[in-house]
Structures are given as C-alpha cells and as structure tokens.
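A structural walkthrough
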Amino acid sequence: MLLTISTTARPATDLGFLLHKHPDKVQRFGQSFGEATVFYPEAGEQRCTAALLLDIDPVALARSRGKGSPDFSLSQYVNDRPYAASSLLAVALADVFRTARAGRCASRQELADTPLPLEIRLPALPCRGGPELAERLFAPLGWRVEAQPVLLDEGFPEWGESRYVRLALSGTVRLADALNHLYVLLPVLDDGKHYWIASDEIDKLIRAGGGWLRDHPERTMITRRYLGRRWAMARTALARLAELGDEPEERLAPAVSEEAAAEETAADEAAAAEAEAHAEAAEPETAEAEAAASEGAGVGKRKSLNLQRRIAVLETLEELGATSVIDLGCGQGELVGALLARPRFARVAGMDVSSMALTIAARKLKLDRMPDSKRDRLTLFQGALTYTDKRLSGYDAAVLMEVVEHVDPPRLAALEQVVFGHARPGHVLVTTPNIEYNVRYDFLTGLRHPDHRFEWTRAEFEAWAARVAGRYGYRVSVKPVGEPDPDLGPPTQMGVFVRD
Ligand code: SAH
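Rules used throughout
Starting from 1, residues in each chain are numbered consecutively following that chain's sequence as written. Predicted model: local features are reported for residues with pLDDT of at least 70 only, side-chain atom pairs are reported and counted for 80 or more only, and whole-chain, interface and lining totals are derived from all residues. Side-chain measures were taken over the full set of non-hydrogen atoms in the model, leaving aside hydrogen atoms and water. Secondary structure is summarised from DSSP: a helix means a run of H or I of at least four residues, a strand means a run of E of at least two, and numbering begins at the N terminus for each. A simple rule labels every residue: compare its accessible area, found with a 1.4 Å probe on the protein chains alone, to the largest value its type can have, and call it buried under 20%, exposed over 50%, or partly exposed in between. Two residues qualify as a contact provided that any one of their heavy atoms is within 4.5 Å of a heavy atom in the partner residue. Here the open area of atoms and residues is found with the Shrake-Rupley method and a 1.4 Å probe, where only the protein chains shown may cover a residue. Two strands qualify as a pair provided DSSP detects at least 2 bridges between them. Working convention: axes come from line fits to C-alpha atoms, limited for helices to the stretch in contact. Angles between N-to-C directions cover 0 to 180 degrees. By nonpolar core we mean a set of buried residues, namely Ala, Val, Leu, Ile, Met, Phe, Trp, Tyr and Cys, connected to one another through side-chain atoms within 4.5 Å. Distances are taken per atom, and a residue is near a molecule or strand as soon as one of its heavy atoms is within 4 Å of it. For the purposes of these results, a polar contact is taken to be a pair of N or O atoms within 3.5 Å, where, inside protein, one atom must be able to donate a hydrogen and its partner to accept one; residues adjacent in sequence count only when each atom of the pair is a side-chain atom. Three categories are distinguished: nonpolar for Ala, Val, Leu, Ile, Met, Phe, Trp, Tyr, Cys and Pro, charged for Asp, Glu, Lys and Arg, and polar for the others, with Gly belonging to the last. Clockwise travel from the first strand over the helix to the second, with the strands pointing away from the viewer, marks a crossover as right-handed. Between Lys or Arg on one side and Asp or Glu on the other, a salt bridge is scored when a side-chain nitrogen of the former is within 4 Å of a carboxyl oxygen of the latter. Angle categories are assigned with fixed cut-offs, so that under 35 degrees is roughly parallel, over 145 is roughly antiparallel, 65 to 115 is roughly perpendicular, and the rest are oblique. It is the rotation of the near helix from the far one that decides the hand of a crossing: anticlockwise by less than a right angle makes it left-handed, clockwise makes it right-handed. Confidence of the predictor in every single residue is expressed as pLDDT, which spans 0 to 100.

Scanning the protein from N- to C-terminus turns up 19 helices and 14 strands. Looking at the protein as a whole, 53% of its 500 residues are labelled buried. Taking contacts inside the protein between residues at least 6 apart in sequence as the whole, the part at least 24 apart equals 72%. Just so you have it, the protein exposes about 22,100 Å², and 52% of that area is on carbon and sulfur atoms.

Let's shift gears to the sheet that holds strand 10 (residues 378–382). To summarise the sheet geometry, strands pair through backbone hydrogen bonds and adopt either a parallel or an antiparallel arrangement. The seven strands are arranged 10-9-8-11-12-14-13 in an open sheet whose pairing can be described as mixed. The open sheet is flanked by strand 10 and strand 13 (474–481), the only strands paired with a single partner. Sheet twist, expressed as the average angle between the axes of neighbouring strands with direction ignored, equals 15°. Judged from the seven bridges that link them, strand 12 (residues 427–433) and strand 14 (residues 492–499) form a sheet pairing that is antiparallel.

In this structure, Phe138, Trp143, Leu167 and Val184 are the most contacted members of the largest nonpolar core, which totals 77 residues. Here this core takes ten residues from helix 8 (residues 175–190), the largest share from any one element. Every residue in contact with phenylalanine 138, bar those within four places of it in the chain, is listed here: Trp143, Val145, Leu167, Leu169, His181, Leu182, Leu185 and Leu189.

Around the ligand sit 14 residues, and of these Gly329, Asp352, Val353, Leu385 and Met401 come closest. Here an oxygen atom of the ligand and a side-chain polar atom of aspartate 352 are 2.5 Å apart. Here a nitrogen atom of the ligand sits 2.9 Å away from a polar atom, N or O, in the main chain of leucine 385. For the ligand, the accessible surface in isolation is 570 Å², of which the surrounding protein chains cover 86%. Residues that form the shell around the ligand fall into these classes: six nonpolar, five polar and three charged.

Judged by how many residues are buried, strand 11 (residues 397–401) sits mostly within the fold: five of five residues are covered. Residue alternation in strand 11 divides its side chains into two sets, Ala397, Val399 and Met401 and Ala398 and Leu400, and both sets are buried. Here three bridges tie strand 8 (residues 324–328) to strand 11, and the two strands are oriented parallel to one another. Residue aspartate 327 lies in a different strand from strand 11, and its bridge partner there is valine 399. Note that strand 11 and strand 12 share five bridges and pair parallel. Its bridge partner lying in strand 12, leucine 400 is registered against valine 430. With helix 18 (residues 409–423) bridging strand 11 and its parallel neighbour strand 12, the resulting β-α-β unit is right-handed.

This brings us to the pattern of salt bridges. Applying the stated criterion to the full structure yields 20 salt bridges. A salt bridge links aspartate 95 to arginine 98; its shortest N-O distance comes to 2.5 Å. Residue arginine 98 is classed as partly exposed on the basis of its relative accessible area of 23%. Here arginine 453 and aspartate 408 are joined by a salt bridge, their closest N and O atoms 2.7 Å apart. Pair noted here: arginine 453 is in the loop between strand 12 and helix 19 (458–472) and aspartate 408 is in the loop between strand 11 and helix 18, with a separation of 45 residues, a long-range link. The exposure class assigned to arginine 453 is partly exposed, which follows from its relative accessible area of 24%.

What follows deals with the packing of helix 4 (residues 86–96) against helix 8. Between helix 4 and helix 8, whose axes approach to 8 Å, the crossing angle comes to 165°. Regarding the angle of helix 4 to helix 8, the classification is roughly antiparallel. Crossing handedness for the pair helix 4 and helix 8: left-handed. Contacts between helix 4 and helix 8 involve Ser86, Ser87, Leu89, Ala90, Leu93 and Ala94 from the former and Leu179, Leu182, Tyr183, Leu186, Pro187 and Asp190 from the latter. A per-class count over the contact of helix 4 with helix 8 returns nine nonpolar, two polar and one charged.

Bringing the packing of helix 8 against helix 9 (residues 201–209) into the picture now. Interhelical geometry of helix 8 versus helix 9 gives an angle of 145° and a closest axis separation of 9 Å. Crossing of helix 8 over helix 9 shows left-handed handedness. The residues of helix 9 that touch helix 8, namely those facing Asn180, Tyr183 and Val184, are Lys204, Leu205 and Ala208.

Right, let's talk about the side chain of arginine 310 for a bit. By the element assignment, arginine 310 lies in helix 14 (residues 302–320). Arginine 310 sits in the buried class, given a relative accessible area of 17%. Those residues within four positions of arginine 310 in sequence are excluded, and the remaining contacts are Glu334, Leu335, Ala338 and Met401.

Mean pLDDT over the protein works out to 80, with 77% of the residues at or above the 70 mark. Here residues 65–84 is modelled with pLDDT under 50, and outside its nearest four sequence neighbours on either side it reaches 31 contacts, counting other chains as well.

Quick look at the environment of histidine 181 now. In this structure, histidine 181 sits in helix 8. Judged by relative accessible area, which is 4%, histidine 181 ranks as buried. Sequence separation of histidine 181 and glycine 209 is 28 residues, and the distance between their C-alpha atoms is 7.5 Å. The residues touching histidine 181, leaving out its near neighbours within four places in the chain, are Phe138, Leu141, Trp143, Val173, Leu186 and Trp212.

For the bond running from arginine 10 to proline 11, omega is -15°, close enough to zero to count as cis. Along the chain, proline 11 turns up in the loop between strand 1 (2–7) and helix 1 (14–19). Of note in this structure, histidine 20 is not a glycine but carries a positive phi near 60°. Classification of histidine 20 by relative accessible area gives partly exposed; the value is 39%.

Here it is as structure tokens:
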C-alpha cells in the first residue's frame, strides 16, 4: 500500500522537518505485520513528496495474532490484505509519523501549527460506500476530494468497478490534523478494521478525533464504523465527544502525547493483528440485530431486570410522595415515559450527556405527537452530570438509574457535588449493578456493559452511599432490586437518599 503526502509550501522541503524524516534518506520501520518504508520521490524547494510504502507480510501478520484468538482459517492467506490493508496503513502511519501526528516540531513549532498546502494520494484504497463516501468523510474537514473508482480489471471494463478508489485529497491543513484525519478515516472507509476491539479504542478515537470529529456531520457513522459497529461503544464515544464541547479548551488533551502514542502503537499492532484474525467473524449488520446485542443478549435477563428496576424506582418515588422528578442520564427515556404516564408526576425532566440518546428518547416518546397537556410536563435537555448546572435544581427527586458506573472514578466526586451538593433534591435514587451477582450470568466475562468504568460489590456501594450521605446531609438506605441470590445478593442495588 502506498500513501504520498506532498506540499508546495516554500521551501517545500520543510515537510522533512515536520515528518521528522530526512528527505535524502530511505528509512525502514519494522512492523509486527510487515515493513513500512519512508522515502521522498521528489524533494525540491517548490514541491516535496513523502511516500509511505507498506509491505505486509501475511505470515508475520498471521504469527503476530494475540494469544487466545480462534484457529486461523484459510482467509488469512486468501484475501486482499497485503495489497489493501488500509487499517494496517493507519497503524503504520501512527507509528512512523508519531511526533508529527502529535503536532510537535521542536525546532520549528510554528511550522507544525500552520496549515500548509497539502496533497495526499492513495492509489488503491478500499472504500465500502464508494467514492461518494470518501467525499462525505473528507470534504467537511476542508479537503477537496477526488475519488475515482478503480475498475476490477482494466482489460475488461464491462466487469465493472472494484471496491477500491483512487483517492486524492488537497487542502490547506495542519499536517498533524491531516495525519489524524487519515488515521481515523482510512479504517472507516475500509470498514474492516476493528472486528476485535480493545477497550481503549474509544480513547484512541477521541484523542485522534478530538479537534474535529465532534462537529463532523458524519460523526455517528465514523464512530460506529471505527468501533467495528459495536453500537454500545459508539454511543459512549459519541457521548464523550459531545462532552468535549463542555470542557474548557486547556483541558483538552493534545491530540496525541508521546507516551500515549508509543503505547498506542503497540496496542494498535496487536489490535490490527487480531482484527485480521477475526476478519471473518463479522458483526450483525442490521439495526435490529445490533439493538438486540446491545440490549444485552449477552447479559442474560437484562430486559426483565430493566423492567423490575423501573418498577422499583417508580414505586419508591410514589412512596416518597415525589411529584417532580429529574432523571439524570435518562438514556433513551424509558423511565421518563413511565413517569409521564402517571399524572401524579406533575413535572418530569430527562437529562443526558448524549445528544443521540436524547434524539432517540424524543422519537420513542413520540414528542412531536404528544398532547400539549403531557408535553408541558416534560423537559428534555442535554447536560453533563459532572458540571454544576442550575437546570438540575428544583425537583423533589433525582434518579440516577444505572449511570454512576459510567462515570470515570476520578470524576465521581464532581458528580456527587453536582447532584447532592448543588442540585440538592429532597430525594435521590441511585441504582447500580451488584458486581457479586455477575457470576450468575453465564455469558458474561467482564463487567455488564463495555462502557462501565467500574461495578461495585454490595459493601462498596453501601460504603459509597454512606459517605456521600454523611458528607451532604442525607440519610440513605439500600434496597435490593431483582431476585436476590442468597450468597451473592440482588442483581441491582438501589440507594434511597433522603435529605435531612
Ligand atoms: N438511565 C437509563 C440509561 C442508563 S445508561 C436507563 O437506566 O435505562 C447510562 C446513561 O448515562 C447513558 O445514556 C449515558 O449517555 C449517560 N451518561 C453517562 N455519563 C454521563 C454524564 N457525565 N452526564 C450525563 N449523562 C451521562
């Protein structure tokens, strides 16, 4: 596979500085799956081109598979990977141009910060979705895009087009941004990268896409394809991207740090190798199949547990006499719908960090057809639970149903302050999985959801609840939800906090 990057900035040989690769040298970089070579077919004052050539060694690729991957099949040998492995090209690019991708240039930082006239060419790029897709992905990032379908066989034009395009991008773009665009979008175009997904894939995507993905019109599709169609992970990534907008600028990490880049390369290589090994085990393609999978086909009785949890929350709210309720991290609005169906709840609010979850909630609640009398009781808005927000105040009760475990532990104190310290409703209900019960789920090997940052034992949850209650002036009792196991406790635990 070949990728070329050219510039006509003067002097064009500055490209060598930025890429940290000298134009006079041919340099080779061993990869676990082959060899990457960087050379400059032209290096003049007016125009300079760097080329990255990737030779994939199918045997090395097969050998570099991680332990525990299933038996290899013939597909490792009989496929187009050596010629068109664009996700491996992305991995090699991340490795070879690590510092450039981080946007750093010790001697000439201003050069790294400046958008330059660039041309990028990929003579044969697998592109599921055809040339239009390449346009939809790159044009919003400021690239002029020429994508021509490559014929299956030039001698037989009647055979039609292959799934490859010849891609040429031109634009005035910071080199680091250009490299990050390629790093994320090449595998997205190929749509074949991550059949095996490491848990840090979301972090990598957010790091590489931090400056541009959030506002990209195709962010949902990009995220979904990048994460190998794992819908639950894509949802989390989109939520985190949405949350990026709330972060003050200086808190946004630089696109890639040196250490992170180093770790990333190793992890990426493993992931890519695994991806190859699993390439045949495609994910469900239909929305229904995905919904079923993310609804927890692998999590046993999740559906009925969902219902039991909702009923437990509703009954507790009624017992407490709450008439206004805010559902924090409302997801797709199931509880909000149930609350609205009960007239005693005069005011109902749903808040979530994910705009996509809210869009789905609005659709499921049939917001556009809701009678005014009901619509007037409802407020649905986007927000992050880790930032103080006046809109969270003024409700009798707040519910955090299966939400705390989605928050990174270092951010949990911020959530506590926002909910118990600032919004300070009379009652707070918090439900969360009881990790002890997980052994009862046959299919489960880790936590109950790929986005869970932790799950608590009964003792851990009780200790957390008692600490928070003590600190913010609440009393708390913990109730079981779902059929308890005599040794392991209930599947879900619910803390009922009442303000002193
Ligand atoms: N309460 C719903 C959804 C649980 S899934 C239910 O029980 O069905 C967790 C939800 O929390 C997701 O919708 C996610 O977008 C949301 N979430 C995660 N972190 C958040 C944060 N910091 N602020 C607000 N919502 C958050």
